[in-house]
Each structure stands twice: as C-alpha cells, then as structure tokens.
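Below are the chains, spelled out letter by letter.
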Amino acid sequence: MITVLPTLDGDPGASFPQRRGLADHAPGKKEIEGYRKAVSRLFSIFDSCGLIGKVTWFVNERDVHWTTYYPDLLGEIIRRNDTLALHVHYDGLFTPDRLSDFESALAACGQAKENLESLSGKQCVCHRSGCFFQSEYIYRSLEQLGIKLVSDVFPGFKG
C-alpha cells in the first residue's frame, strides 16, 4: 500500500502582483478569483484521489491574507479536516519588508497564526519557511509561538 500525504505552500506564483513588490496595491478581482479557482481545482484532484483529510496546507497569511481574501477556501480546508499550517516568507518575497530578527519574526508569525486560529477555531502548530530560508531566530520565535512541527529542508540546503 502506498501512503500519500501531500503538502502545499499556500501562496500564488510569480504572476501575483504583490510578489517582489511588483505592485503596491491589494490583488484585484482577477487575481483573487484566479487563485480561488486554482485552489478549488486542487480540492477536486485530492477528492478524486481519496485524499480528503490527508493534505497539509501551509498557508501564507502574512503576504496573501487568506483570512481576508479566501475565508471560503479556509473553511473548505477545515471542513475537509485537512491540516492548516503556517507558511512565512522572511526574505521579502512578496513585500519589501524582511523579517530579519527575533522580534519581527515573532510579531509577524504570531499575527498570522492568530488570524488562522481565529478563523479556523483550531490550533496551528505546523510551519514551513519560504524559499528555504532558515535562521536560529526564526526557530526561537516559532518555539515561543507553540509551533510543534517544522517542515523545512535540512540546514544548508539550497534548491
């Protein structure tokens, strides 16, 4: 028997206008609906493969604002009993501000975690850093926030 446990990073691709500061405004209806359609398609694929309740969604709340733009998709993740996890870019992939010390990481991750937990009613205890970014201060902040599982690559890996 083969066991499949897919994990996904919940942020859009390079064409999303906020990536690398390409736009200084919120995503438009076209971007929001395009992303909603892509995630809904993933739900269909996972459904057809019998993977309901077996997917971990690493949601980028800090940059993409799932609780603002995609509460319906978050509700579907929760309804499916999939795992809701935190995905954070520390290096300014979507915004010019970088999380470069313990305090900034703690504040940003804490707010994103709080947003997800408020909407879902569940504790968020899993995390994945974006773009292979790793630092001791990040792991200290995650520990303080009660993160129990870190889904990063091994230290030093660059892909």
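Here we summarise the structure given alongside this text. These numbers were taken from a predicted model, which means no experiment stands behind them.

Comments concerning the overall build of the protein chain
- Along the protein chain, the regular secondary structure elements total 6 helices and 5 strands.
- Listing every helix and strand of the protein chain by position from the N terminus yields β-α-β-α-α-α-β-α-β-α-β.
- Taken across its 159 residues, the protein chain has 43% of its residues classed as buried.
- Here the contacts in the protein chain between residues at least 6 apart in sequence split such that 72% fall between residues at least 24 apart.

Some words on the packing of aromatic side chains
- On inspection of all chains with the given rule, the structure shows 7 aromatic pairs.
- Each ring, one from Y35 and one from W66, has its centre 5.8 Å from the other, and the planes form 85 degrees; the classification is edge-to-face. Of this pair, Y35 sits in helix α1 (residues 29-48) while W66 sits in helix α3 (residues 66-69), and the two are 31 residues apart along the sequence.
- Ring centres 6.0 Å apart and planes at 75 degrees place the aromatic pair F46 and W57 in the edge-to-face group. Placement of the pair is F46 in helix α1 and W57 in strand β2 (residues 56-59), with a sequence separation of 11 residues. Residue F46 shares its accessibility class with W57, and that shared class is buried.

Rules used throughout
- Residues numbered from 1 in each chain as written.
- Predicted model: local features only at pLDDT ≥ 70, side-chain atom pairs only at ≥ 80, totals over all residues.
- Heavy atoms only, no water.
- Helix = DSSP H or I, 4+ residues; strand = E, 2+ residues; numbered from the N terminus.
- Buried < 20%, exposed > 50% of the residue type's maximum accessible area, 1.4 Å probe, protein only.
- Contact = heavy atoms within 4.5 Å.
- Phe/Tyr/Trp six-rings, centres within 6.5 Å; stacked < 30°, edge-to-face > 60°.

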